[in-house]
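Per-entry structural report
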Amino acid sequence: MDIAKKSLIGKARERPDQVRRVIEKMKSEGVLDTIRQVREKLDQPMGLGYCSAGVVVSAGQGVDQYKVGDRVACNGPHAGVVSVPVNLCASIAENVSFDQASFAVLGSISMQGVRLAKVSLGETVLVIGLGLVGQVAVGLLAAAGCRVIGTDPDPAKCELALQSGAAIAQPNLSASNVQALSRGAGADAVLITASTSSNGPIELACEAARTKGRIVLVGVVGLEVPRRPMYFKEVEFVVSCSYGPGRYDPNYEERGIDYPIGHVRWTEQRNIQAVLDLMASGKLSVDHLISHRFDIEQAEQAYQMISEGSEPYLGVVLNYAESSQATPRIPLGKSTPVAGALKLGVLGAGNFARMTMFPQLQKAGDFQLTTICSASGMSAHSAGDKFGFSECTADEQEVIRDENTDAVMILTRHHLHSGQVCAALDAGKHVFVEKPLAVDGPQLLAVEDAVNRNPNQIVMVGFNRRFSEAAQQVKQHFAKVMQPLTVQYRFNAGSIPADVWIQHPEEGGGRIIGEACHAIDLVTYLTGSLPVEVYATCIGGPNAPEIVDDQAFITIRHENGSISSIGYLAGGDRAMSKERVEVLGGGKMAVIDDFRRVELASGGKVNTIKTTSGKGHLEEVQAFAQGMRKGRWPIEWSELLSTSWASIAAVQSLREGIPIPLHFARQPNENTAVD
């Protein structure tokens, strides 16, 4: 909230790392486009809160430990209905109230700090900073049989710490005070739970800790560690990471893959559960930490009180009515009916949707935007309000089954595409789906079956590059060439960490299926011929990074004898152009440089054309609208299938080390398969 109130310059000073990224983006994508994207990013709302307690209203596939009606605590944001991963939920005992349980996730932060302190019965522990996390840490340490000394500049918080279980709690204790209170030994362990830019807490901890003591940083403070006391005492120092093991691991948090208890005894979920169990046993109390309660309708008043500091506060609880129910759709009242416009519903409201596709939909002017859906609902509400949708929802079926919608645009994560395409087709809707069409063979076959079932519906995949001005110029340049072509496509893809969702085979499909498919489609378009064989190879060796599929060459043999070579390469530098395409054949040559410049060579002369339309996003939206009106597929189904199978085959070739032959049918409703 504080950052949101700052000016653009103030935000830039707060996040210099983001400023560097913006400068890099300006160099590669241009100043005006970068400014537009930055403004759009800053305009997106951020969900507040991460500590919730309530009743299960539905359980997802594979979730068998929680049933409808169970009382749970979780890290859900401030909302009446939230969707949370299974590993971030824990059961609430009947004798623990929702008010108390809402502290459990925050309590797990304190719990992880206590665990890292490795305390034992009878040890003296100093807690620096007695806010909510510090107060709960005091209670946990007291329950563990430790003698707790607490300090904070606020005398009222020191008084609360005595209620939490501290033996002594006084404002602004010094290291000598701690020495005196610990019979001259010093603290066995120090937990820093303060939040300040000052280096004072670190200095106090180093001076107050005993020889070979332990310091755990849980809060956010200055980190200039004084060497002398640390050196002579051989003090152990560690920074605690939030809730505990599993935090920031997408496999654990997002995909629900738990760590075996025999190998990781205390995960973040088990820490949350342990806090709740201590509450149930009466060994941890948080009631005295609740300073205010507000109904959710008064939430703005609650935040204003905190922001202005108009009165003392500590634990502020937001309550929702027990009868609170999710509303299927929320009217936005922004959509203006346009005569002859095609009615379009959208699934997905992420960065790509907001920064790229929605502005193009507005420019095209062919569509009336009906309902927009996102998983949380919040981003759908924000984007829908800004871009002129009539309604927003968090339920995809509200879009797919909407009788007021002609077509569905799918802009969700890759593993959802095939199922949503099939559902939309079966509901009688035309479909625009951002690439890829599917992440594996079974998904692609399911889409093909849906297409066969619905011969009157059009499917368009977001292969925008073939619609760009640059691609059209090159296609025209080789229009009269009858000989096979050779195409070389270099993708300077940029590095993405291995734990990002797009790298996950089941969720993103990997970067070849998820992004290199753009290149496969373009070379198919430029050669005018379907792939018949795919061979791929990537980097390797002892110094190779964790992910190597995104540093690969893909060779494609086309039906008409053309050959394409695609270098999808993540090991480059952003200062160079991202995409470069070279086409040769019939005594002619063409070069596309980042879809901004085209060089056409023939007869010993080179014609250079600067393009302004970008990578074809506007043109593909217009082509989809035209296709719907004329009942004609913008991209033939055989080409959509061939590109999809070829990208899947490229990954298969990487695994098996052999060329993969492909066989495609010419008619849209005939079966297509990969050997």
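Here the structure is shown first, and the text comes after it.
This structure is a prediction, so every number in the text was calculated from the model and none was measured. (Residues numbered from 1 in each chain as written. Predicted model: local features only at pLDDT ≥ 70, side-chain atom pairs only at ≥ 80, totals over all residues. Heavy atoms only, no water.)

**Structural notes on the pairing of strand β10 (residues 290–295)**
The pairing of β10 with strand β11 (residues 315–319) spans 5 bridges and is classified as parallel. The residue of β11 that forms the bridge with F294 is L318. For the crossover from β10 across helix α13 (residues 299–308) to β11, the handedness is right-handed. (Pairing = 2+ DSSP bridges. Helix = DSSP H or I, 4+ residues; strand = E, 2+ residues; numbered from the N terminus. Right-handed = clockwise from strand over helix to strand, strands pointing away.)

**Let's talk about the sheet that holds strand β2 (residues 71–74)**
With antiparallel pairing, 3 strands are arranged side by side in an open sheet as β1-β2-β3. Two strands in the sheet have a free side with no partner beyond their single neighbour: β1 (52–55) and β3 (89–91). Neighbour to neighbour, the strand axes of the sheet diverge by 30 degrees on average, direction disregarded. Where β2 and β3 come together, 3 bridges link them in antiparallel fashion. Bridge pairing links V72 to S91 in β3. The sheet strands contacting helix α12 (residues 268–280) are β2 and β3, and the helix crosses β3 at an angle near 30 degrees. (Axes fitted to C-alpha atoms, helices over the stretch in contact; angles between N-to-C directions. Contact = heavy atoms within 4.5 Å.)

**Some words on the side chain of D152**
In this fold, D152 is placed in the loop between β5 (147–151) and α7 (155–164). Lacking a salt bridge, the buried D152 has K157 as its closest oppositely charged neighbour, with an N-O distance of 4.9 Å. A polar side-chain atom of D152 sits 2.8 Å from the main-chain amide nitrogen of L130. Polar contacts involving the side chain of D152 include one to the main-chain amide nitrogen of D154, which spans 2.9 Å. Setting aside residues no more than four positions away along its own chain, D152 makes contact with G129, L130, G131, K157, C158, Q170, P171 and N172. (Buried < 20%, exposed > 50% of the residue type's maximum accessible area, 1.4 Å probe, protein only. Lys, Arg positive; Asp, Glu negative; His and termini not counted. Salt bridge = Lys/Arg side-chain N within 4 Å of Asp/Glu carboxyl O. Polar contact = N/O pair within 3.5 Å; in protein donor to acceptor, adjacent residues only side chain to side chain.)

**A word on the state of the cysteines**
Using the criterion set out here, one finds 0 disulfides in the structure. Cysteine C74 remains unbridged, with the sulfur of C89 as its closest cysteine sulfur at 4.8 Å. Accessibility expressed as a relative area gives 5% for C74, which makes it buried. Among the cysteines around C538, which has no disulfide bond, C517 carries the closest sulfur, lying 18 Å off. (Disulfide = S-S within 2.5 Å.)

**Comments concerning the environment of Q44**
Mapped onto the fold, Q44 is located in the loop between α3 (31–43) and β1. Its relative accessible area of 22% is what places Q44 among the partly exposed residues. C-alpha of Q44 to C-alpha of M378: the two residues are 334 residues apart in sequence and 9.6 Å apart in space. Discounting chain neighbours no more than four positions away, the residues touching Q44 are N351, R354 and M355.

**Here's the deal with the packing of aromatic side chains**
On inspection of all chains with the given rule, the structure shows 10 aromatic pairs. For the ring pair F491 and Y568, a centre distance of 5.2 Å and an interplane angle of 50 degrees mean the geometry is tilted. You can see F491 sitting in strand β19 (residues 486–492) and its partner Y568 sitting in strand β22 (residues 563–569), a full 77 residues away along the chain. Summarising the burial analysis for this pair, F491 and Y568 share the class buried. A ring pair is formed by W633 and W637, whose centres lie 5.6 Å apart and whose planes are at 55 degrees; its orientation type is tilted. Residue W637 is classed as buried on the basis of its relative accessible area, which comes to 2%. Here a set of aromatic residues connected by ring pairs shows up, and it is made of F358, F387 and F389. (Phe/Tyr/Trp six-rings, centres within 6.5 Å; stacked < 30°, edge-to-face > 60°.)

**Notes on the sheet that holds strand β4 (residues 124–128)**
Where strands meet in a sheet, backbone hydrogen bonds hold them as pairs that are either parallel or antiparallel. The parallel open sheet is built from 6 strands, whose spatial order is β6-β5-β4-β7-β8-β9. Strands with a single pairing partner mark the edges of an open sheet, and in this sheet they are β6 (168–170) and β9 (236–239). Put simply, the sheet's adjacent strands are angled 15 degrees from each other on average, direction ignored. As judged from the 4 bridges shared by strand β8 (residues 209–217) and β9, these two strands associate in the parallel manner. Within β9, the position partnered with V216 by the bridge is V238.

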